[in-house]
Amino acid sequence: MSPIKWPRLKPVAPGPRPTRSVSARGLAVWSALLVAALLSLPLWGTSDQMRTIVEFIIFLALAQMWNLLAGYAGMVSFGQQAWIGLGGYTLIVLAVDLHMNMFLAAVLGGVVAAIVALPTAALAFRLRGGYFAVGTWVIAEVFRLLISSSTTWLQGGFGRTLTVAAAMPRPLREQYTYWLAVLIGVGSIALVYYLMRSRVGLGLTAIRDSESAAMSLGVKITRIKLLVFIVSAFATGVVGGLIYLNALRITPAAAFSVQWSAYMAFIVVIGGLGTVEGPIIGAIVFFILRDYLSSFGPWSIILFGVIAIVMTLVAPEGLWGILQSRFGFEIFPVRRRLPPQQ
Amino acid sequence: MQWVNIIAQGILLGGLYALYGTGLSLIFGVMRLVNLTHGDLIVAAAYLALLAGRFLGLSPWLSLLLVVPLFFLLGILLQRGLLNRALGRGVLPPLIITFGLSVIVQNILQLAFTADTQGLDAGPIEVASITVVPGVTIGVLPVITFVAAVIILLGLHWFLTRTTLGRAFRATSDDPTTAELMGINSRQIYGLAMGMSLAFVAVGGVLLGVRTTFSPTDGPARLIFAFETVIIGGLGSLWGTLAGGIILGVSQNIGAQLNPAWFQLAGHLVTLALLAFRPSGLFARTRDGG
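Residues numbered from 1 in each chain as written. Chains lettered and ligands numbered in written order. Predicted model: local features only at pLDDT ≥ 70, side-chain atom pairs only at ≥ 80, totals over all residues. Heavy atoms only, no water.

## Structural notes on the pattern of salt bridges
All names here are of chain A.
- This structure, assessed with the given rule, holds 8 salt bridges over all chains.
- The shortest N-O distance in the salt bridge between Glu 55 and Arg 290 comes to 2.6 Å. Of this pair, Glu 55 sits in helix α3 (residues 47-73) while Arg 290 sits in helix α13 (residues 277-293), placing them 235 residues apart in sequence.
- Between Arg 170 and Glu 174 there is a salt bridge; the shortest N-O distance is 3.2 Å. Of this pair, Arg 170 and Glu 174 are both found in helix α7 (residues 170-197), 4 residues apart, which corresponds to roughly one turn of the helix.
- Salt bridges linked by common partners bring Asp 48, Arg 51, Arg 170 and Glu 174 together as one network. (Salt bridge = Lys/Arg side-chain N within 4 Å of Asp/Glu carboxyl O. Helix = DSSP H or I, 4+ residues; strand = E, 2+ residues; numbered from the N terminus.)

## Section: the nonpolar core
- Formed by 204 residues in total, the largest nonpolar core has its most connected members in A:Trp83, A:Leu91, A:Tyr131, A:Leu162 and B:Phe71.
- Here this core gets 17 residues from one element, more than from any other, and that element is α3(A).
- The contacts of A:Tyr131, once residues within four sequence positions are left out, are B:Leu24, B:Phe28, B:Val34, B:Phe227, B:Val230, B:Ile231 and B:Leu235. (Core = buried A, V, L, I, M, F, W, Y, C linked by side-chain atoms within 4.5 Å. Buried < 20%, exposed > 50% of the residue type's maximum accessible area, 1.4 Å probe, protein only. Contact = heavy atoms within 4.5 Å.)

## Points about the interface of chain B and chain A
- Of the residues lining the interface, 41 residues belong to chain B; the matching set on chain A comes to 38 residues.
- Counting each side, the surface lost to burial between chain B and chain A is near 3600 Å², with a carbon and sulfur contribution of 85%.
- Of all residues in chain B, the largest losses of buried area upon contact with chain A belong to B:Ile96, B:Phe99 and B:Phe227, amounting jointly to 16% of the total for that side.
- Inspection of the chain B/chain A interface yields 0 salt bridges.
- At the junction of chain B and chain A, the tally comes to 3 residue pairs in polar contact (both at pLDDT 80 or more).
- Listing elements by their share of the side of chain B that touches chain A, those giving two or more residues are α1 (2-31), α4 (92-113), α9 (219-233) and α11 (263-277) of chain B.
- With 13 residues, α4(B) is the largest single contributor of residues to the side of chain B that touches chain A.
- Within the side of chain B that touches chain A, the residues separate by chemical class into 31 nonpolar, 6 polar and 4 charged. (Buried area = accessible area lost by both parts, 1.4 Å probe. Polar contact = N/O pair within 3.5 Å; in protein donor to acceptor, adjacent residues only side chain to side chain. Nonpolar A, V, L, I, M, F, W, Y, C, P; charged D, E, K, R; others polar.)

Okay, here's the thing in structure tokens:
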């Protein structure tokens, strides 16, 4: 009897490379350098550069907040424009009607958004999945219609202007707006990073992987989702204030346009869902594409749609996901991994 | 009498919304898919009927013979070629794909037909009306729309409860894995469900075009009306969809009567109120697995 011949085992293809993360100290040093460079830009840069960066940060921060909802908490919202509009109108009312400092008013726009987010969540959380997405959109529409129907105070569909902006010399106003934007941009990244590294992040990851298992382990699902929803509304509301600090003129149709949510979703899908780096890459790509395609009118929007569909089907992990699996590298480590086996 | 009139118009408008809602409800029931292109396809169907009138000389009623089968095929192609690939991979992929399609359809319509409003010409029937009792006058066209909605709902009810294929639909809705073990090809069922959904969309779109003017950017509002119809009526209930459409149509008409700007707002508020006090809708059947 011949001995059993075991098939020769082929060498196993090496698995994905272990991910190397930037060390905590490296991250701190590099971020500090970048923030210092950004903050000092008014000293050595041009007003055009500041405007471009403000606009970039607006999309970056919006996308970070959309990603916090959709990528980490599984809540796909098409109603984030609600917070942009409420933030913008809060800015106008506080700064113009109540003579408050306009930069403070912009930040308070976030507070108003967060307060309104609580009853909104009570309704929207009764819907799930795709219906949650449309439900949040309907709620944003309600805010748009309510503000449009205030024809005297808020001037209805005609909209209002941040008239008090003229009281401040333009270079000074641009500088303050710029600094506020840098603060918001850095803040939005830091917020997601620290939130995801906290207990909340651990709970969210558990919910994402299995809601019922998370619940059985004592994760308070509704409370965590509510917290994330309100945090996201707050930050999006502050960005809404920033947008209209920059644009100076607000109309309900533009402020409460579903297009805002479409941009957020596009940036996150292109960059990579559920990573801190994804929205950064996505915002850069979106910004460049928008610049190049702006002269093509409806064709450019069609192309955006096609890109989003193709990315979803071909590379659901986004550009950052592709880069990460190829180079095994991450800048903002928020995942939790098992220690290496001995 | 004025209020009776307004409520009667609202009930008949509900027929149109029931047509919108049935398509949305059917695909959600069968494959838990929310199609964000739903409203834009309603508008696209109206444009297709416009083309049929312009190039083939078909009246809007005859154009249904062309638009409905084309949309049925489009639905099958859309589902089997694109959307089936996005199912079972979480909430986001179907939403991104159908939202992307919505943006694409809107802009293609804009390129092909400009942003101007258009209408379908169905002749004198558009303005014909019947006086039921003195003071209460209802349009013939809204009555036709309402009757069409009821016939489609009856037909769908018969299909789902009495035919083998309908049983396969229900089995796939309940549990696609077990249904596959019984020899049902769920991907095929999904394709047929989307085909039927778009056939209803086609009927709704052509009736919309005869009833009122339309423009390329009208889709999202139609999607929202369809969504509200389904939320009010309850997921997965066919008669709930009719009730939902009627409640939505009546609330919009009453709102518009109080203040012309409150047409949409009244519908939204009634939907949200229902969500607050009766979250599963009036007649919910389908369980949403998330």
